[in-house]
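Letter by letter, the chains look like this.
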Amino acid sequence: MDPIADWVDAVAHAPSPPELSTVGPDFAVVHEGRDVRRYDGLAPDQEHDIEGFAFRTLPEPGELLATFATVNDVHFGEEVCGLIDGSDVGPVFRTEPGEDPFPEIMNRGAVAEIAALDPAAVVVKGDLTSNGTQEEYDAFRAAYEPPFGDRLTVVRGNHESYHRSRVASEPFQQIDLPGVTLVVLDTSIDGGVPGQVTAEQFEQLDQVGADADRPVLVFGHHHLGDPDSPEKADRTFGIGLEDSAALLALVARRPAIRGYFAGHTHRNRVRRFAPTGEVPWVEVACVKDYPGTWAEYRVHEGGIVQIAHRISSPEALVWTEKTRHMYHGLYHDYALGSLDDRCFAIST
């Protein structure tokens, strides 16, 4: 008998407790293992109690002007989930023989749910591939380009840049929607894993912030570095500390910039820093494993709300119920984050 294999099997098949996974202005979603229960018709910006979960719905701050969506860390081509080079922390998971590769399962579910939303724009903020190959990038394009066409904006992440792939390496992209401007930065470094913001990107972003006639939201693959964080990854894995300090300073002097949104860490998290007050510095969890996330943004005349959704196709839930137990069972708490990390309002 293999006690490690027995433990992996036991945790992978253990029943999951009910979780309040998503709250919007007028709905809430509870996941319990592979069971999904959605409650519609709720009053916005009100206290509710459903299935023993007490929560407040998000506001609807005025007329709805636009809706868009984002994903990140889609990892086409990945074959083993939970593997860390040089570490034996487990368990790890693979697609079972005869099944579709898990990145295809997860992204198929995400694409279907986002397409049903019919968003004005879809932003994919990095780690399109596992190994930066053209074949993997073509698989990504085959999944995302047909349903979204010219509404799709793509930027690379470290899984591309580390392998010196130049796909989706556009340094600065701007998308103007009713009520909001989106800026997408390539924060990746050729041959490296951490991120950066170049002098030219700073100059362009500063100009957009100075000229803005509507709120500006900024998107990139890497999260903000923080020298005061107790987590090593916040100091070494995200945007370099010098560039992070400069980005904080830029946002502090350009009040039109109302948020920065990253992937890279495979977790849902919101941080706020003294120089930028209530401006959220956001990380959205990955598509490719637990919790299997995509983010919806509703732009209203008086504010913007982020609503993080768990991909809920039956085959996706089978995979995320397995992968929630990665890293000695700690991944669930790390990746899911709190409700306030997933669903929140931004004042404008």
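Residues numbered from 1 in each chain as written. Predicted model: local features only at pLDDT ≥ 70, side-chain atom pairs only at ≥ 80, totals over all residues. Heavy atoms only, no water.

(A) Structural detail: the overall build of the protein chain. Helix and strand counts for the protein chain stand at 10 helices and 19 strands. In summary, the protein chain has a C-alpha radius of gyration of 19 Å against a globular reference of 20 Å for 348 residues, a match within 12%. In terms of its C-alpha atoms, the protein chain occupies a principal-axis envelope of roughly 65 × 50 × 45 Å. The buried share of the protein chain, taken over its 348 residues, is 54%. Of the contacts made within the protein chain by residues no fewer than 6 positions apart, 68% connect residues no fewer than 24 positions apart. Carbon and sulfur atoms form 51% of the exposed surface of the protein chain, whose accessible area is close to 14500 Å². Computed over 28 positive and 57 negative side-chain charges, the separation of the two mean positions in the protein chain equals 2 Å. (Helix = DSSP H or I, 4+ residues; strand = E, 2+ residues; numbered from the N terminus. Rg over C-alpha atoms; globule rule 2.2 N^0.38 Å. Buried < 20%, exposed > 50% of the residue type's maximum accessible area, 1.4 Å probe, protein only. Contact = heavy atoms within 4.5 Å. Areas by Shrake-Rupley, 256 points an atom, 1.4 Å probe, with all protein chains shown as cover. Lys, Arg positive; Asp, Glu negative; His and termini not counted. Charge placed at Lys NZ, Arg CZ, Asp CG, Glu CD.)

(B) Just the sheet that holds strand β11 (residues 172–177), in detail. The six strands are arranged β11-β12-β13-β14-β16-β15 in an open sheet whose pairing can be described as mixed. Only two strands of the sheet have a single neighbouring strand rather than two, namely β11 and β15 (269–271). Across this sheet, the average inter-strand angle for adjacent strands is 20°, counted without regard to direction. Of the pairings in the sheet, the one linking β11 to strand β12 (residues 180–185) comprises six bridges and is antiparallel in character. Its bridge partner lying in β12, Gln174 is registered against Val183. (Pairing = 2+ DSSP bridges. Axes fitted to C-alpha atoms, helices over the stretch in contact; angles between N-to-C directions.)

(C) Highlighting the sheet that holds strand β10 (residues 152–155). The mixed open sheet is built from six strands, whose spatial order is β10-β9-β6-β17-β18-β19. In this open sheet, the two strands that pair with only one neighbour each are β10 and β19 (343–347). Put simply, the sheet's adjacent strands are angled 20° from each other on average, direction ignored. Two strands pair when backbone bridges link them, and strand β17 (residues 293–300) and strand β18 (residues 303–310) are joined in this way by eight bridges, in the antiparallel orientation. Its bridge partner lying in β18, Thr293 is registered against Arg310. Where helix α2 (residues 102–117) meets the sheet, its contacts fall on β6 (64–71), β9 (121–125), β17 and β18, and the angle it forms with β17 comes to roughly 15°.

(D) Up close: unusual backbone geometry. Residue Pro291 follows Tyr290 across a cis peptide bond; omega there is 0°. With respect to the helices, strands and loops of the structure, Pro291 is situated in the loop between β16 (281–283) and β17. Even without glycine at this site, Asp127 takes up a positive phi of about 55°. In this structure, Asp127 sits in the loop between β9 and α3 (134–148). Its identity as a non-glycine residue notwithstanding, His264 has a phi of 75°, on the positive side. If you trace the backbone, His264 turns up in the loop between β14 (257–262) and β15.

(E) Region of interest: the environment of Ala308. Checked against the element boundaries, Ala308 lands in strand β18. What makes Ala308 buried here is its relative accessible area of 3%. Along the backbone, Ala308 and Asp243 are 65 residues apart, and their C-alpha atoms lie at a distance of 28 Å. Other than its neighbours up to four places away in sequence, Ala308 contacts Ser21, Thr22, Thr293, Trp294, Ala295, Arg342 and Cys343.

(F) Representation of the pattern of salt bridges in the model. Counted according to the given criterion, the structure contains 31 salt bridges. When the shortest N-O distance is used, the salt bridge between Arg108 and Asp100 registers 3.0 Å. We classify Arg108 as partly exposed; its relative accessible area is 38%. The shortest N-O distance in the salt bridge between Glu321 and Arg324 comes to 3.3 Å. (Salt bridge = Lys/Arg side-chain N within 4 Å of Asp/Glu carboxyl O.)

(G) Local environment of the state of the cysteines. This model, assessed by the stated rule, comprises zero disulfides. With no disulfide of its own, Cys286 has Cys81 as its nearest cysteine by sulfur position, at a separation of 7.1 Å. Here Cys343 stays unpaired: no disulfide links it, and the sulfur of Cys286, its closest cysteine neighbor, is 16 Å away. Take Cys343: its relative accessible area is 5%, and that puts it in the buried class. (Disulfide = S-S within 2.5 Å.)

(H) Molecular detail of the nonpolar core. Counting 33 residues, the largest nonpolar core has Val71, Val124, Phe140 and Tyr144 as its most contacted members. Looking at this core, the elements that each hand over two or more residues are β6, α2, β9, α3, β10, α8 (314–323) and α9 (331–336). No other element matches the five residues that α2 contributes to this core. Filtering out sequence-adjacent residues up to four positions away, Val124 remains in contact with Val71, Phe140, Tyr144, Leu152, Thr153, Val154 and Val155. (Core = buried A, V, L, I, M, F, W, Y, C linked by side-chain atoms within 4.5 Å.)

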